Amino acid sequence: MGNYVNLVKLSVGTESVEGLQAWQELRQAELPEGLPRHVTRMWPKREAEILQGGSIYWVIKGLIQCRQRILRLDEVRGEDGIRRCAIILDPALHRTHTAPKRPFQGWRYLKPEDSPADMPQGREAEVPLPLELSQALAEIGVI
């Protein structure tokens, strides 16, 4: 994979990983190529590192809960003519071990060594711990 960096982003208004997936699927038909995307005003300065294998880690209800591989960054212009960055994502959502994340605006870089690991194969379908329990365990470093 080489030298890469990830992004982390709040999924505002999302209650669960399933909710994020449902929202992306709902928008699929109206997007070019049907690939999920997140449009942001700021273009990542570390684009080359992101495209070496980076993912976007989604914060849902105060916890990093899943990630999607970043396929590319596209320039888009809105009706206002302002240049923006569309982060084009692989449709597959990969559940991760949860990690607490305080609210922030926009997106942030996330080093691979600070990124939560994917759930082991076969455990992605397990019923997740209740949110409050998962947050408490993450805060004390158990998960």
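Calculation criteria
Per chain, residue numbering runs from 1 following the sequence as it is written. Residues qualify for local features only when their pLDDT is at least 70, as the model is predicted, and side-chain atom pairs are given and counted only at 80 or more; totals for whole chains, interfaces and linings, by contrast, use all residues. Values reported for side chains reflect all heavy atoms of the structure, with hydrogen atoms and water molecules removed beforehand. A helix here means a DSSP run of H or I that spans at least four residues, while a strand means a run of E at least two residues long, and both kinds are numbered starting from the N terminus. Contacts between residues were defined by any pair of non-hydrogen atoms, one from each residue, lying within 4.5 Å. As used here, the term nonpolar core means buried Ala, Val, Leu, Ile, Met, Phe, Trp, Tyr and Cys residues forming a set that is joined through side-chain atoms within 4.5 Å. Each residue is placed in one exposure class: buried if its accessible area under a 1.4 Å probe, protein chains only, is under 20% of its type's maximum, exposed if it is over 50%, and partly exposed if it falls in between. The rule for a salt bridge is simple: a side-chain nitrogen of Lys or Arg has to be within 4 Å of a carboxyl oxygen of Asp or Glu. The definition of a polar contact used here is a pair of N or O atoms within 3.5 Å, where within protein one atom must be able to donate a hydrogen and the other to accept one, and adjacent residues in sequence count solely through side-chain atom pairs. Stacked, edge-to-face and tilted labels apply to pairs of Phe, Tyr and Trp rings (six-membered ring for Trp) whose centres lie within 6.5 Å, assigned for plane angles under 30 degrees, over 60, and everything in between, in that order. Two limits define a charge over a ring: the Lys NZ or Arg CZ must be within 6 Å of the ring centre, and within 35 degrees of the ring normal. Note: two strands are recorded as paired if DSSP finds a minimum of 2 bridges between them.

A. Representation of the overall build of the chain. Scanning the chain for helices and strands turns up three helices and seven strands. Ordered by position from N to C terminus, the α and β elements of the chain give β-α-β-α-β-β-β-β-β-α. Relative to all contacts within the chain whose residues are 6 or more apart in sequence, the contacts with residues 24 or more apart total 70%.

B. Inspection of the nonpolar core at higher detail. Formed by 16 residues in total, the largest nonpolar core has its most connected members in Leu 7, Trp 58, Cys 66, Ile 70 and Ile 87. Going through the elements one at a time, α1 (17–27), β3 (55–60), β4 (63–77) and β5 (83–89) are the ones with two or more residues in this core. Grouped together as the second largest cluster of nonpolar side chains are eight residues, Val 8, Tyr 57, Ile 64 and Leu 110 included.

C. Summary view of the pattern of salt bridges. Scanning the model with the defined rule gives 11 salt bridges in all. For the salt bridge of Arg 95 with Glu 18, the shortest nitrogen-to-oxygen distance reads 2.1 Å. With a gap of 77 residues between them, Arg 95 in strand β6 (residues 94–100) and Glu 18 in helix α1 connect regions that are remote in the sequence. Asp 118 is the salt-bridge partner of Arg 67, the closest N and O atoms lying 2.7 Å from each other. Of this pair, Arg 67 sits in strand β4 while Asp 118 sits in the loop between β7 (107–110) and α3 (131–139), and the two are 51 residues apart along the sequence. Take Arg 67: its relative accessible area is 14%, and that puts it in the buried class. On the basis of relative accessibility, which here comes to 31%, the residue Asp 118 falls in the partly exposed class. Beyond isolated ion pairs, a larger network of salt bridges with shared partners links Glu 33, Arg 72 and Asp 74.

D. Here's a closer look at unusual backbone geometry. For Lys 61, which is not glycine, the phi torsion reads 55 degrees and is therefore positive. Mapped onto the secondary structure, Lys 61 falls in the loop between β3 and β4.

E. Expanded view of the side chain of Thr 14. By the element assignment, Thr 14 lies in the loop between β1 (6–10) and α1. Take Thr 14: its relative accessible area is 13%, and that puts it in the buried class. Among the polar contacts listed, one links the side chain of Thr 14 to the side chain of Ser 11, at a separation of 2.6 Å.

F. Focus on the packing of aromatic side chains. Scanning the model with the defined rule gives one aromatic pair in all. Centroid distance Trp 107 to Tyr 109: 5.1 Å. Interplanar angle 75 degrees. Geometry classified as edge-to-face. We classify Tyr 109 as partly exposed; its relative accessible area is 29%. Geometry around Tyr 109 places Arg 46 over its ring, the cationic atom sitting 4.9 Å from the centre. A cation over an aromatic ring shows up here: Arg 83 above the ring of Trp 43, its NZ or CZ 4.3 Å from the ring centre.

G. View of the pairing of β3. Counted residue by residue, β3 has six buried out of six residues, so it is predominantly covered. Side-chain alternation along β3 places Ser 55, Tyr 57 and Val 59 on one buried face and Ile 56, Trp 58 and Ile 60 on a second face that is also buried. Here β1 runs beside β3; their pairing, made up of four bridges, is parallel. Directly across from Leu 10, in β3, lies its bridge partner Val 59. Across six bridges, β3 lies against β4 in antiparallel orientation. Counted as the bridge partner of Val 59 is Ile 64 from β4.

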